[in-house]
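# Structural characterization, general
These are the residues of each chain, in order.
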Protein chains: 2
Amino acid sequence: MRKVSSIEAMELAIEEGKKGWGNVAPNPLVGCSIVSSKGELLSVGYHRQFGGPHAEVVALNNVKDPESLIGAHVFVTLEPCAHQGKTGSCATALVDAKVGSVTYGVEDPNPLVAGLGLKRLQEAGILVQETTPELAKKCRDLAEMFLHGQTSKYPFVALKIASSLDGVIALKSGESRWITSERSRIRVHYLRAQFDALLVGRKTVVEDDPLLNIRHPDFGERSNRVVIIDPELKLLENIEKKRLFSSRNPKDVIFISAATKEVSDLKGCTNIAVPESQNGLDLDSAMLALRKVGIESLFVEGGAYTLGAFFRKPYLVNKLYLFVSGSILGMGNGVSWSEHFEIARLDKKIVLDNISCEGLDKDLLVTAKIQGK
Amino acid sequence: MRKVSSIEAMELAIEEGKKGWGNVAPNPLVGCSIVSSKGELLSVGYHRQFGGPHAEVVALNNVKDPESLIGAHVFVTLEPCAHQGKTGSCATALVDAKVGSVTYGVEDPNPLVAGLGLKRLQEAGILVQETTPELAKKCRDLAEMFLHGQTSKYPFVALKIASSLDGVIALKSGESRWITSERSRIRVHYLRAQFDALLVGRKTVVEDDPLLNIRHPDFGERSNRVVIIDPELKLLENIEKKRLFSSRNPKDVIFISAATKEVSDLKGCTNIAVPESQNGLDLDSAMLALRKVGIESLFVEGGAYTLGAFFRKPYLVNKLYLFVSGSILGMGNGVSWSEHFEIARLDKKIVLDNISCEGLDKDLLVTAKIQGK
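Residues numbered from 1 in each chain as written. Chains lettered and ligands numbered in written order. Predicted model: local features only at pLDDT ≥ 70, side-chain atom pairs only at ≥ 80, totals over all residues.

Residue and element names in this part refer to chain A. Partitioning chain A into structural domains gives domain 1 (6–149) and domain 2 (152–370). Computed over C-alpha atoms only, the centres of domain 1 and domain 2 are separated by 34 Å. Counting residues at the interface gives seven residues for domain 1, matched by 10 residues for domain 2. Here the residues of the side of domain 1 that touches domain 2 are counted per class, giving four nonpolar, three polar and no charged. (Domains from an automatic or database assignment. Contact = placed C-beta atoms within 7 Å. Nonpolar A, V, L, I, M, F, W, Y, C, P; charged D, E, K, R; others polar.)

Overall, mixed pairing links the 10 strands, which are arranged β13(A)-β12(A)-β11(A)-β8(A)-β16(A)-β6(A)-β17(A)-β21(A)-β20(A)-β18(B) in an open sheet. Edge positions in the open sheet fall to β13 (270–273) of chain A together with β18 (327–328) of chain B, since each of these has one partner strand only. Pairing of strand β8 (residues 197–201) of chain A with strand β11 (residues 225–229) of chain A involves five bridges; the strand directions are parallel. Its bridge partner being in β11(A), L199(A) is matched across the sheet by V227(A). (Pairing = 2+ DSSP bridges. Helix = DSSP H or I, 4+ residues; strand = E, 2+ residues; numbered from the N terminus.)

The next subject is helix α5 (residues 133–142) of chain B. Residues and elements named next belong to chain B. When α5 is considered as a whole, its buried residues turn out to be L135, C139 and L142. One side of α5 carries all its buried residues, which in axial view fall inside an arc of 55 degrees. Summarising the geometry of α5, the exposed residues directed more than 90 degrees from the buried face are P133 and E134. If you follow the buried residues of α5, they end up packed against α1 (6–18), β3 (73–78) and β4 (101–106). (Buried ≥ 20, exposed ≤ 12 C-beta atoms within 10 Å, placed from the backbone. Arc of directions from axis to C-beta.)

Further remarks concern the interface of chain A and chain B. At the junction of the two partners, chain A supplies 39 residues and chain B supplies 39 residues. Elements represented by at least two residues in the side of chain A that touches chain B include exactly β18 (327–328), β20 (350–360) and β21 (363–370) of chain A. Looking at the side of chain A that touches chain B residue by residue, the classes come out as 20 nonpolar, 11 polar and eight charged.

The operation relating chain A to chain B is a screw motion whose rotation component is 180 degrees, with 0.0 Å of axial translation and a residual RMSD of 0.0 Å. Classification of the inter-copy transformation places it as that of a two-fold axis. Residue by residue, 100% of the interface of chain A is reproduced at the interface of chain B, so both copies engage with the same surface. (Least-squares fit on C-alpha atoms with pLDDT ≥ 70 in both.)

Moving on to helix α6 (residues 144–151) of chain B. Inspection of α6(B) places E144(B), M145(B), F146(B), L147(B) and G149(B) among the buried residues, and these make up the whole buried set. The elements touched by buried residues of α6(B) are α5, β6 (156–163) and β16 (297–300) of chain B.

Here the focus is the confidence of the model for chain A. Here chain A averages 93 in pLDDT, and 99% of its residues register 70 or above. Mean pLDDT values over the elements of chain A span from 88, in strand β15 (residues 280–281) of chain A, up to 98, in strand β16 (residues 297–300) of chain A. (pLDDT = per-residue confidence, 0-100.)

Here it is in structure tokens:
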């Protein structure tokens, strides 16, 4: 059997956890690895789907000989749960298996767990250890949506942008299709799968008539909720002609509007009325309202107008996914993804953290967090 | 001694070659590794400075026991030279050392070499092999400036841009300093060191009063040639007050202007007169003229106006270095690096090749080639 270090063991747990992408929300992505008392890798496991067994239990069950678990070392990206939820308590399962130590990535802020899982392990005489700061950061990233959900009243919001290298999302004529490559577009569908809903502005629906569902080899074709910002509900008039309407249950088409009075015929769609603010609808209220109807995470694929609204309230934004094509289109006749956002002085800029970049064939994918999120 | 595969040996040669950065132009960056007939790494070497010994000779001289060279395998990123130049012929040195095989990355297009080096080796009974296509590409990248110089009448032109993630290089108010981080700025000085001259527009000198020299731990403080595009030679009037003038030999300040008549007092600076075109000075003529005065490579650090002129003639551009800071400034009040460039239709876009990305602390450095260059 393969010998692994404690660093490798946690890295394996993180990689395992990622495999739950798209299937566990609103639960966190969690991975686990188990190493024998002699340092040999015994098993790995991950939380595969919402309501299903937790990563620790999967990893425990993957071990053929229960004897080998005695004194074994468990590496798990998130604190094991202490409570009896949909599945049994993981802390109890680990105690029963007589493992020797548990190394965890990040504490669970869920008040039903919050340190109780670790306490339960310690009380049973199991050595409990934090992982290294670098790996802890990766574990936090793995569970970022969940951690946000436990501590914020807003949904976890990611903005998706696709532009040329010079930030052009369309020519002024409106020409814009296929700026990025096929591989980037597949990745967009992969990302969508992890979010509770997609958000676009009215204009995007009018101009592009997109399906806005999930089409990806890992997930097949999947329907999802779509949120449309449309202050006057103009789109409702002929929504039945739009592809996003005919391809899903109408109630999964959610309008954010200023229409506080009862709307005569919603055509089965959902309407969430929010107050107006200086620059259109009050986005703050909209986000609170979406969270209340169970939307814990939101993937924003709006055009420049919608993006501008979010940039003016950067505290509402967690993450940015910028797909950059290998092309220069020229701002002289181009529409910039940030043209509806402006700052008066450089010190008013939006600061990004954790900026990183990945090659996708001829494109790049830049990922970043908004500072402080 | 360490055993290495032929792939590793060529990768080592490429890494060696990079060490000549900033000191070999207009010669190519070249690296070499030598592996014994038993597969053990004997030595490495690189072309350290213009006029100095070539990589192959350095690597041969690094081997203590000449006997071990008999039947050895030589890996060199560029075809060994056949001619007696400033230094002896490398092909002859390899033949004299009785090596068994030579694997090369790219053929030397220099008419004094062009296959003659390889031929000389083959005639002496040495096995001559091309490296893999992937490594050959890396070898071409290593020697890109030199290869360009052998086949083009223009200088090798790289554009350097520093912007926010949304492509803003300054606010409309003019505020622009320090958009990118210290580490990016150090890298800029490193890049400058490899180029024969820096080019800026008049406006950049007026607004920023930059030194435009090289200040980098690897190279100390180094003076270099500066090219200023200034159609009416307006800057000449008070050039002596500018930092770039007082920090270098005046003749290294080269104006590109439309002043075809004799200028009464150039203050020791150089003036190159070129015809005017529809959009300012004819850049094509300017590039040809710079090449004629010995500028083989040019690092363009102009603002949006200068960049626009190059984007309108993408065949003059080889490479792009885009430093991206982790910030969003908003195009609503921002100046885009491509705002003086426009296309009427998407199919007129500038296509980039070999796009890649590297993290530099809180910034990203995106590198790309113009397609077909």
